[in-house]
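One-letter residues, chain by chain:
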Amino acid sequence: MSRAGRYSPRLLRVWRRNLVVYRRIWKVNFLVPLLEPLFYLLAFGIGFSRLVGDVMYAGQELTYVAFIAPALLATAIMFNAFYETTFASFVRMYYQKTFDAMLSTPLSLEEVITAEILWGATKSVLAAGLMLLVIALFGLVRLPEGLWVLPLAFLGGMAFGAVGMYFTGITPTIDMFNLPIFLFVTPLFLFSGTFFPVAGLPVWAQIVAWASPLYHLVELSRWAVMGRMESSALVSLGYLLLFSGVFFGLAVRAMRRRLIK
Amino acid sequence: MTDHTRSMTPIIEARNLHKRFGTFTAVDDLSFRVEKGEFFGVLGPNGAGKTTAIRMIYGFSPLTSGSMRVFGLNIEQGWREIRSRLGVCQQENTLDPDLTVEQNLLLFAGYFSLPKVIAGQRSRELLEYFALEHKKQAKVEHLSGGMARRLMLARALINDPELVILDEPTTGLDPQSRHQVWDKLKELRSRGLTMLLTTHYMEEAAWLCDRLIIVDHGKILVEGTPRALIREHAGDSVVEVETPSEALREFTRSRNLQHDDLGNRLIIYNTLGPDLEHQLRGAFCDQTCTFRQGSLEDVFLRLTGRGLRE
């Protein structure tokens, strides 16, 4: 069977299935992205910022809250897509046998996997949209340019959704996701210019940060929200596109190996 | 394709199927045909290669070698059309627990790209047919085993398939539910639907299948109608003798009777008619003889042996 023939718009049916399930408990699903930024902004705004004061970023003094608000968007984009294509997809694949059922219909494995990643990206967009609303109410978003966060959330969601799906393809049991979470997601969360600027760090740490897909998403998010970034938007966009493409390919390959026997 | 040529093409034509997983051969040169309108059985002990062979039919398990044609289409190129024209009722419950009963059918119809109106109509008909109408808003996890199985069957029929694959459709059901499923399958068969069944219940296979194969170690041992297989391998009747005497053993040997000697039990497969039965009854039976009809279970055990597989 030719590779191109394995992709068709039919994959949107799988995407829609996830949307139907999401809508059943949309109030719960909406709660987290609405409350999470509130908690962070309150904690950092009231508590932490008194300790750290203002932050120098891209040649400008910023309040600490203004500095981390766009980073919160980026980390939420990462977490939403990554958790969707790891834990949630794993449950559908392994425990619920949802993929087995789908693969007895005219859907191809590639379509199911692509739709799952697309859905992860969709959840990122929904979460980022809700968070953007909250952050905008704090007066921390320039509008309308800040709306660029939405397409960025899609791109970031594809990147982290694809890498999550790759881990789902190679992870034997659901408990083992602790490993990529601890070794991949947590370091990214902490060391991607999220809570402190990368510019002040030693060169080796800057290089490590530069390799992080989250760093590029944080940068692009700062650019959208505040109109300021310390690196190049084109390079960051290119990096995220490349990252998405590579891990999309790896994810499909890993899932094919895992499911088609 | 005209109706005439379609009727000439078998629904499934499997030729020299092989499937190897590393050094293990799961399917070893399997060939069979299923004709239109047939109820075809694939029997075999656990690990005989049944499920692998079935998965090959819908392209879930690529062939190591051989050819698989369904509706006259090659599975390698025609997988999407093949899958759009068949229904699969898998062994495990693969219903979507995040959805209601009705949503399970409607969204599944979507995977086949059925138009919404037709999907709604089909799902109403099927819910009624399988007596699930009152449960259509229920979550799947709240269904009993029998209801879940009926929903699996309903879902396998949502695209109005020409072929339905039933992988152990009644495993784990109580007798009432099992008989209900059998009745529905019989009825579907009488409407001309082609069906392929695997099962561990020989009674089920004997009752439902027009023709069947018994598979072991990835190979076909026998093929035929249940009745012919029983006659050939189990005889017209079977005599089971508890704690058989040496005299009976001697008699069995001297008359060259088909039998299985299990030590404390001797099973004689009577292919010689009522005379032998009378003889046995007169000479060797006090209270320990059981006379019964030969069954598919006898055939199965004789061909695949009595040793445990797992």
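Before any of the text, the structure's been laid out above.
This is a predicted model, so every value here is computed, not measured. (Residues numbered from 1 in each chain as written. Chains lettered and ligands numbered in written order. Predicted model: local features only at pLDDT ≥ 70, side-chain atom pairs only at ≥ 80, totals over all residues. Heavy atoms only, no water.)

Draft legend 1. A look at the packing of helix α4 (residues 101-111) of chain B against helix α5 (residues 116-129) of chain B. Residues and elements named next belong to chain B. Where α4 contacts α5, the axes come no closer than 9 Å and their chain directions differ by 135°. Compared by their axis directions, α4 and α5 come out oblique. The two elements α4 and α5 cross, and the hand of that crossing is right-handed. In this structure, α4 contributes V101, E102, L105, L106 and A109 to the contact, and α5 contributes A119, G120, S123 and L127. (Axes fitted to C-alpha atoms, helices over the stretch in contact; angles between N-to-C directions. Helix = DSSP H or I, 4+ residues; strand = E, 2+ residues; numbered from the N terminus. Parallel < 35°, antiparallel > 145°, perpendicular 65-115°, else oblique. Left-handed = near helix turned anticlockwise from the far one by under 90°. Contact = heavy atoms within 4.5 Å.)

Draft legend 2. Spatial organisation of the pattern of salt bridges. All names here are of chain B. Enumeration over the complete set of coordinates arrives at 30 salt bridges over all chains. For R33, the salt bridge identified is with E35, shortest N-O distance 3.1 Å. On the accessibility criterion, R33 (37% relative accessible area) is partly exposed. Two residues, R292 and D298, come together in a salt bridge whose shortest N-O distance is 2.8 Å. D298 sits in the buried class, given a relative accessible area of 5%. The structure contains a network of salt bridges with shared partners spanning E246, R249, E250, R253 and D261. (Salt bridge = Lys/Arg side-chain N within 4 Å of Asp/Glu carboxyl O. Buried < 20%, exposed > 50% of the residue type's maximum accessible area, 1.4 Å probe, protein only.)

Draft legend 3. Representation of the interface of chain A and chain B within the structure. Counting from both sides, the interface comprises 29 residues of chain A and, opposite them, 31 residues of chain B. Our count for the chain A to chain B interface comes out at three salt bridges. In this structure, the salt-bridge partner of D96 of chain B is R17 of chain A, at a minimum N-O distance of 2.6 Å. Secondary-structure elements contributing two or more residues to the side of chain A that touches chain B are α1 (11-24) and α4 (98-102) of chain A. The element best represented in the side of chain A that touches chain B is α1 of chain A, accounting for seven residues.

Draft legend 4. Representation of the sheet that holds strand β7 (residues 163-167) of chain B in the model. Residue and element names in this part refer to chain B. In space, the six strands of this open sheet follow the order β6-β7-β8-β3-β9-β10, with mixed pairing throughout. A single partner strand is all that each edge strand has here, and the edge strands are β6 (86-89) and β10 (219-224). Neighbouring strand axes in the sheet, compared pairwise and without regard to direction, differ in orientation by 15° on average. Lying over the sheet, helix α2 (residues 50-57) contacts β3 (39-43), β6, β7 and β8 (194-198), oriented at roughly 155° with respect to β7. Its contacts with the sheet put helix α6 (residues 145-156) on β6 and β7, and the angle it makes with β6 is roughly 165°. (Pairing = 2+ DSSP bridges.)

Draft legend 5. Geometry of empty space enclosed by the protein. Applying the stated rule across the entire model yields three cavities of 30 Å³ or more. In this structure, the largest cavity occupies an estimated 70 Å³ of space. Along its surface, the largest cavity is lined by T98, A101 and M102 of chain A together with T94, D96, L99, N104, L107, F108, Y111 and R155 of chain B. Of all elements in the fold, only α4 of chain A together with α4 of chain B reach the threshold of two or more residues within the lining of the largest cavity. Partitioned by chemical class, the residues of the lining of the largest cavity number six nonpolar, three polar and two charged. Volume-wise, the second largest cavity comes out at about 40 Å³. (1 Å grid on protein atoms, 1.4 Å probe; cavity = no way out; pocket = protein on both sides within 12 Å on 5 of 7 lines; lining within 4 Å. Points joined across faces, edges and corners; volume = space filled by probe spheres on them. Nonpolar A, V, L, I, M, F, W, Y, C, P; charged D, E, K, R; others polar.)

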